[in-house]
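Topology and contacts: notes
Here is how the chains run, residue by residue.
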Amino acid sequence: MSDLLIGGAEAPALGALASPVTVIEAGTTCRDVDELFRADEHLGCLAVHGGAPHRRLGLVSRARFQHLMSGRLGYGRLLNARRPVSELTDWSPLVVHADTGVAEVARQVLDRSWSQRFSEVLVRDPGAPLRQVSVTDVFRALSGELANKALTDALTGLANREHFMQRLEQCCAEPDVQHRLALVYVDLDGFKALNDGHGHGVGDQVLQVVADRLRGCFRSDDLVARLGGDEFAAIAQLPAGVPVAPAARHLGERVRACLSGTISLGPLVLPGRASIGMAVAGSVLADGEVLLREADSAMYRAKAVGGGRVELITSVGTTAPQENFTPDRRELQRAVDGGEFLVHYQPIVEASTGRLASVEALVRWQHPRRGLLAPGAFLEAVTDAGFAANLDLHVLEVALAQFSRWRHGLGRAAPRAVNVNVSVQGLLHPGLAPTVLDALSRAGLDPAVLRVELPEAATTAQLDVAGGALETLRDAGVRLTLDDLGAGASTLHHLTGLTLDGVKIDRRFVAGLLDDERDAAVVAMLLELAHTTGIAVTAEGVENRSQLEALQRMARGRPTFVQGYLISRPVAAEQLALPWSDGLHHLHPQVPAPRSAAPAAPGPLASR
Ligand code: C2E
Ligand code: MG
Ligand code: MG
């Protein structure tokens with residue numbers, strides 16, 4: 001066994017494993033010893049007392065004794081029966097103090113000769129009778145300890161991330177109908193400043209205090225973990241029969257209260273404060289990562305509004321049945337007013353450098369009963385209620401306000417543009433141009449920062465109706481991008497009939513790029529078309545490095561943009577890794593790492 005394993009393990013002391021051993025005198029005959037072993041099949045060994053003048057301590061192990069008593073030719077018993085056991089005793093057994101750690105004992109066992117390696121270890125403890133431990137028990141304890149250590153956070157003794165993820169997967173794979181799975185995500189407020197100001201020693205002590213407090217506020221069958229740094233999480237079970245939001249909030253508040261007492265470390269008195277995000281699984285949750293992500297983004301929301309509070313998302317993973325989901329305009333307006341429509345952002349980057357060009361605003365509905373819904377789950381209902389234009393405007397306002405915050409907070413390191421989708425109803429709304437320009441001016445933004453994504457689903461006739469409004473917007477400086485190019489039938493019409501600044505290749509073609517010649521041909525054709533007509537082109541749905549590399553090859557150095565899970569999923573504003581500094585260099589070795597301190601130079605998209 002390597003030193004690395006044994007040396008690093010904090011195994012228990014051997015005394016904890018020891019059991020009593022019978023001591024016999026050295027003069028006992030081998031026949032009597034044989035009888036003792038025959039009479040008790042669980043008797044593994046006997047200690048042998050050598051008596052004066054040497055007062056030696058020896059050991060007779062069952063296996064070795066019986067081997068000698070049989071003898072090579074089967075006459076051992078006949079030869080040895082009358083001899084004193086001292087002649088078959090191992091007079092140099094391994095004897096250790098009860099305080100010796102299991103890891104150290106294992107090391108000593110392995111240092112012994114092969115014939116002695118499997119004998120019991122004798123355990124001495126002043127004032128107590130002699131005891132023994134089998135080598136099997138020594139190594140079993142050691143392996144348990146090592147397994148434990150691999151799943152434990154060394155600083156706090158809580159579960160580590162790996163243990164946490166294992167349990168989470170297990171809980172999702174075997175849902176418990178009596179309970180709802182709740183994930184609590186905790187991030188300490190002001191920990192970095194504390195660490196910087198008082199040093200890592202103090203930081204570590206604070207983490208230990210927090211770990212103890214968290215241990216105290218969950219039940220023993222919940223799992224509390226330190227995920228890393230100052231981030232902790234817990235998996236808890238809420239009773240299924242009670243209203244979920246109040247129960248979850250109650251738990252969240254208990255955790256907040258638990259962590260909010262001051263922390264005294266000698267003369268230092270430090271504030272205890274944390275941002276807490278909670279996500280409660282819906283009835284059909286199958287993906288622990290989704291739950292963790294939602295709890296994480298709830299935690300970020302808590303942090304974004306000043307910290308020291310609990311934010312909650314319920315029914316994560318519940319797929320809303322489309323039937324019976326017919327919210328009317330009043331309900332939708334209430335949801336807008338109640339802040340239930342959230343906007344997530346997905347980066348759009350230059351394919352060759354990974355530099356951030358823009359972010360696309362994508363709406364989500366944090367529905368009080370159905371949980372967090374993706375647009376696919378509600379846009380149709382919103383359209384049926386005739387509310388799509390209102391929702392477009394709401395998303396536009398939220399996205400512009402966020403963009404303006406980035407501008408003020410990050411200066412030139414902020415995204416250079418923001419893409420906002422418009423629905424067919426929004427497109428046809430007579431107030432389209434003035435509404436958009438008014439929103440821009442209220443946000444104090446130059447129209448050139450906004451890219452309106454036009455739905456490919458719009459018919460040519462609908463785009464004709466909107467033609468005047470689109471021209472007005474374009475004249476004011478707003479950029480127009482045709483979304484999901486290739487997804488519908490009227491693509492080429494749209495391309496020739498509209499004055500566009502950009503197009504986005506539908507992600508279905510990108511998905512088939514590597515395996516389907518026709519998809520690859522469509523992507524090549526659309527890239528060619530965009531490049532020759534001077535329109536900025538974005539490939540959507542880039543999920544892996546091979547797709548990115550294929551697109552880079554096809555682009556042949558001409559300005560091309562990519563968007564997709566490979567770069568980032570759509571995330572809440574606070575979770576977007578801004579300022580964007582790592583680009584694609586970690587994904588693609590040929591791409592040089594951007595100089596993170598320098599503001600991103602304007603890319604081709606921005607110059608159009
Ligand atoms: P879209 O405008 O084409 O947005 C891109 C969609 O592709 C998003 O789905 C995004 O999450 C998804 N996506 C991005 N990268 C990848 C990837 O690598 N792989 C895969 N499989 N998917 C990826 P999302 O957010 O579900 O939005 C769906 C559609 O809903 C959007 O398609 C857009 O048409 C519509 N939508 C979203 N937000 C709004 C909005 O505020 N207003 C309007 N009118 N429509 C919106
Ligand atoms: Mg879009
Ligand atoms: Mg699209």
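Here, the structure is the one placed above.
Let us look at the structure shown here. Not measured: the values here are computed from a predicted model. (Residues numbered from 1 in each chain as written. Chains lettered and ligands numbered in written order. Predicted model: local features only at pLDDT ≥ 70, side-chain atom pairs only at ≥ 80, totals over all residues. Heavy atoms only, no water.)

**Things to note about the coordination of the magnesium ion (ligand 3)**
Reference values for coordination geometry: four tetrahedral donors around a metal ideally subtend 109.5 degrees, six octahedral donors ideally subtend 90 or 180 degrees. Around the magnesium ion (ligand 3), the protein contributes the donor atoms Asp483 (OD), Asp484 (OD), Glu540 (OE) and Glu540 (OE), which lie 2.0 to 2.4 Å from the metal centre. Between the donor residues of the magnesium ion (ligand 3), the gaps in sequence give the motif D-D-x55-E. If you look at the magnesium ion (ligand 3) and the magnesium ion (ligand 2), they sit 3.8 Å from each other and are both ligated by Asp483. In this pair, Asp483 sits in strand S20 (residues 479-485) while Glu540 sits in the loop between strand S22 (536-539) and helix H21 (545-555), placing the two residues 57 residues apart along the sequence. (Donors = N, O, S within 2.8 Å, 3.2 Å for Na, K, Ca; no water. Helix = DSSP H or I, 4+ residues; strand = E, 2+ residues; numbered from the N terminus.)

**Comments concerning the environment of Asp384**
With respect to the helices, strands and loops of the structure, Asp384 is situated in helix H13 (residues 379-384). It is 8.7 Å that separates the C-alpha atoms of Asp384 and Asp328, two residues lying 56 residues apart in sequence.

**Section: the nonpolar core**
If you look at the biggest cluster of nonpolar residues, it comprises 81 residues, and the most contacted ones within it are Leu450 and Leu454. For Leu454, the residues in contact, after removing those within four places along its chain, are Val422, Leu427, Leu470, Leu480, Thr481, Leu482, Asp483, Leu498 and Leu500. Within the second largest apolar cluster, 34 residues are counted, among which are Leu207, Val210, Val244 and Ile263. (Core = buried A, V, L, I, M, F, W, Y, C linked by side-chain atoms within 4.5 Å. Buried < 20%, exposed > 50% of the residue type's maximum accessible area, 1.4 Å probe, protein only. Contact = heavy atoms within 4.5 Å.)

**Details of the coordination of the magnesium ion (ligand 2)**
Each protein donor to the magnesium ion (ligand 2) is listed here as Glu360 (OE), Asn421 (OD1), Glu453 (OE) and Asp483 (OD); together their distances run 2.0 to 2.3 Å. One chain supplies every donor for the magnesium ion (ligand 2), spaced along it as E-x60-N-x31-E-x29-D. The buried category is assigned to Asp483, whose relative accessible area is 7%.

**Quick notes on the pairing of S22**
Residues Ala536 and Thr538 line one face of S22 and the alternating positions Val537 and Ala539 line the opposite face, and both faces are buried. Looking at chain direction, strand S21 (residues 502-505) and S22 are connected through 4 bridges and run parallel. Directly across from Ile505, in S22, lies its bridge partner Ala539. Where S22 and strand S23 (residues 561-562) come together, 2 bridges link them in parallel fashion. Considered in S23, the bridge of Ala539 is made with Val562. In this view, the connection linking S22 to its parallel neighbour S23 by way of H21 has right-handed handedness. (Pairing = 2+ DSSP bridges. Right-handed = clockwise from strand over helix to strand, strands pointing away.)

**Section: helix H3 (residues 62-70)**
Three or more residues of H3 are buried, namely Arg62, Phe65 and Met69. The buried residues of H3 occupy an angular sector of 70° when the element is viewed end-on, so they sit on one face. Seen from the buried face of H3, the exposed residues on the opposite side, beyond 90 degrees, are Ala63 and His67. Of the surrounding secondary structure, the elements contacted by the buried residues of H3 are helix H2 (30-39), strand S3 (45-49), strand S4 (57-61) and helix H4 (76-80). Taken from the residues just after H3, Gly71 is the one with a positive phi, measuring 75°. (Arc of directions from axis to C-beta.)

**Structural notes on the site of ligand 1**
Neighbouring residues of ligand 1: 23 residues in total, closest Glu360, Asp483, Arg507, Glu543 and Tyr565. Measuring from a nitrogen atom of ligand 1, one finds a side-chain N or O atom of Gln346 at 2.9 Å. In this structure, an oxygen atom belonging to ligand 1 sits 2.9 Å away from a side-chain N or O atom of Asp484. Protein coverage of the free-state accessible area of ligand 1, which is 800 Å², stands at 84%. In terms of residues, the shell around ligand 1 owes the most to one element, strand S16 (residues 356-367), which gives 4 residues. When the residues that make up the shell around ligand 1 are grouped by side-chain class, the tally is 9 nonpolar, 5 polar and 9 charged. (Near = heavy atom within 4 Å. Polar contact = N/O pair within 3.5 Å; in protein donor to acceptor, adjacent residues only side chain to side chain. Areas by Shrake-Rupley, 256 points an atom, 1.4 Å probe, with all protein chains shown as cover. Nonpolar A, V, L, I, M, F, W, Y, C, P; charged D, E, K, R; others polar.)

**Points about the packing of helix H7 (residues 161-173) against helix H11 (residues 288-304)**
H11 packs onto H7 with a crossing angle of 120° between their chain directions and a minimal axis gap of 9 Å. If you check the angle between H7 and H11, you find them oblique. Across the interface between the two elements, Arg161, Phe164, Met165, Leu168 and Cys172 from H7 touch Gly288, Glu289, Leu291 and Leu292 from H11. (Axes fitted to C-alpha atoms, helices over the stretch in contact; angles between N-to-C directions. Parallel < 35°, antiparallel > 145°, perpendicular 65-115°, else oblique.)

**Description of the side chain of Arg112**
Position of Arg112 relative to the elements: it lies in the loop between helix H5 (102-111) and strand S6 (121-124). In this structure Arg112 touches Asp90, Ser92, Pro93, Leu94 and Arg117, once residues within four positions along its chain are discounted.

**Comments concerning the pattern of salt bridges**
Scanning the model with the defined rule gives 29 salt bridges in all. As a salt-bridge pair, Glu453 and Lys504 come within 2.5 Å of each other at their nearest N and O atoms. Taken together, the positions of Glu453 in strand S19 (residues 450-454) and Lys504 in strand S21 put the pair 51 residues apart, joining distant regions of the chain. Each of Asp187, Asp189, Arg273 and Lys303 takes part in salt bridges that share partners, so that together they form one network. (Salt bridge = Lys/Arg side-chain N within 4 Å of Asp/Glu carboxyl O.)

**Structural notes on the sheet that holds strand S1 (residues 19-20)**
Pairing within the open sheet is mixed, and its 4 strands lie in the order S1-S7-S6-S5. Edge strands, defined here as strands with exactly one partner in the open sheet, are S1 and strand S5 (95-97). Two strands pair when backbone bridges link them, and S5 and S6 are joined in this way by 3 bridges, in the parallel orientation. Residue Val96 lies in a different strand from S6, and its bridge partner there is Val123.

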